[in-house]
Each structure stands twice: as structure tokens, then as C-alpha cells.
Amino acid sequence: MDQQQVKSYLLARPCCLLDTPFGPEVAVFKVKGKMFATLALGQDRRHYWMNLKCDPDEALALRDIFDAVIPGYHMNKKHWNTVILDGSIPNGEIERMIDNSHALVVRSLPKRDRTAVEVHL
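Reading the values: rules and limits
Residues numbered from 1 in each chain as written. Predicted model: local features only at pLDDT ≥ 70, side-chain atom pairs only at ≥ 80, totals over all residues. Heavy atoms only, no water. Helix = DSSP H or I, 4+ residues; strand = E, 2+ residues; numbered from the N terminus. Rg over C-alpha atoms; globule rule 2.2 N^0.38 Å. Buried < 20%, exposed > 50% of the residue type's maximum accessible area, 1.4 Å probe, protein only. Contact = heavy atoms within 4.5 Å. Lys, Arg positive; Asp, Glu negative; His and termini not counted. Charge placed at Lys NZ, Arg CZ, Asp CG, Glu CD. Core = buried A, V, L, I, M, F, W, Y, C linked by side-chain atoms within 4.5 Å.

> Even after reading the chapter, I still don't get the overall build of the chain, so can you show me in this structure?
Within the chain, the secondary structure is distributed over 4 helices and 6 strands. Seen in sequence order, the chain has helices and strands lined up from the N terminus as α-β-β-β-β-α-β-β-α-α. Taken over C-alpha atoms, the radius of gyration comes to 14 Å for the chain, in line with the 14 Å a tight globule of 121 residues would show. Once the C-alpha set of the chain is aligned to its principal axes, its extents read approximately 40 × 30 × 25 Å. Counting all 121 residues of the chain, 41% fall into the buried class. Considering only intrachain contacts with a sequence separation of at least 6, the fraction spanning at least 24 residues in the chain is 46%. A gap of 8 Å separates the mean positions of the 16 positive and 15 negative side-chain charges of the chain.

> Just to check I follow, could you spell out the nonpolar core for this structure?
Looking at soluble globular proteins, one finds that nonpolar side chains tend to be buried together. Among the nonpolar cores identified, the biggest contains 31 residues, and Val6, Phe36, Met50, Ile94 and Ile98 are the most heavily contacted of them. At the level of secondary structure, the elements contributing two or more residues to this core comprise helix H1 (3-11), strand S2 (26-31), strand S3 (34-41), strand S4 (48-53), helix H2 (56-65), strand S6 (80-85) and helix H3 (91-108). The dominant element in this core, judged by the number of residues it contributes, is H3, at 5 residues.

In C-alpha cells, the structure reads:
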């Protein structure tokens, strides 16, 4: 997936809003005010990098499986992974990681907000 496909997929998640609190170069995707993804041009200046929330055990497993998954850049490395969009990870796997990040954040919301999001699922 390229950055436009990823951005479209992120924005299609229920109750997703795009924000730029760190400046226009970093897109932040939130559900009910809580961040579940970021998307920006990476340090290599060639590929986009996406930060996604992740279960700590799964985060480690994904880093072992994919060279393009590294500990979360500028994030809590236990709970966040950075996915380098270099074309090496299958689209379905990227979508699954995005869906899991969104679901983790939704589960952490207060019941009234969680219920509001679940209506759109």
C-alpha cells in the first residue's frame, strides 16, 4: 500500500478524524479524540512511516516477521510499532494492523464513546 491508500483506509475506520497537532507533515488519525495511527514521510525521506498501536506480544512478533516493522518511532516502543511502507508487507497485513490499532483504542474508550463507535461497525 502507498501512503494515499493507507490514508484512505485509515479515514474509513469508524469515527476516524484526521488531525495535525505536530504540524502539517505528520498526519494523526484519531477515534473519539484518541490517537490510533500517525503517517509521515520517514527518516529515510523515501518511504512513508506509519505508527500503529499494538498488543505488546504481537508487536514483538511482527518485528520478527517483517523487516519493515520496527519499534514505534517517537512512541512507547512496548505498545507501538512503526510500519515502513516500502511495499514489502502485504496489503491485507497492513489493513489488519490498522484494524487492530483502531480496535485497541476503541476498547480503551469510556463506554458511551465506545458504544457510539460500535454503532458504526
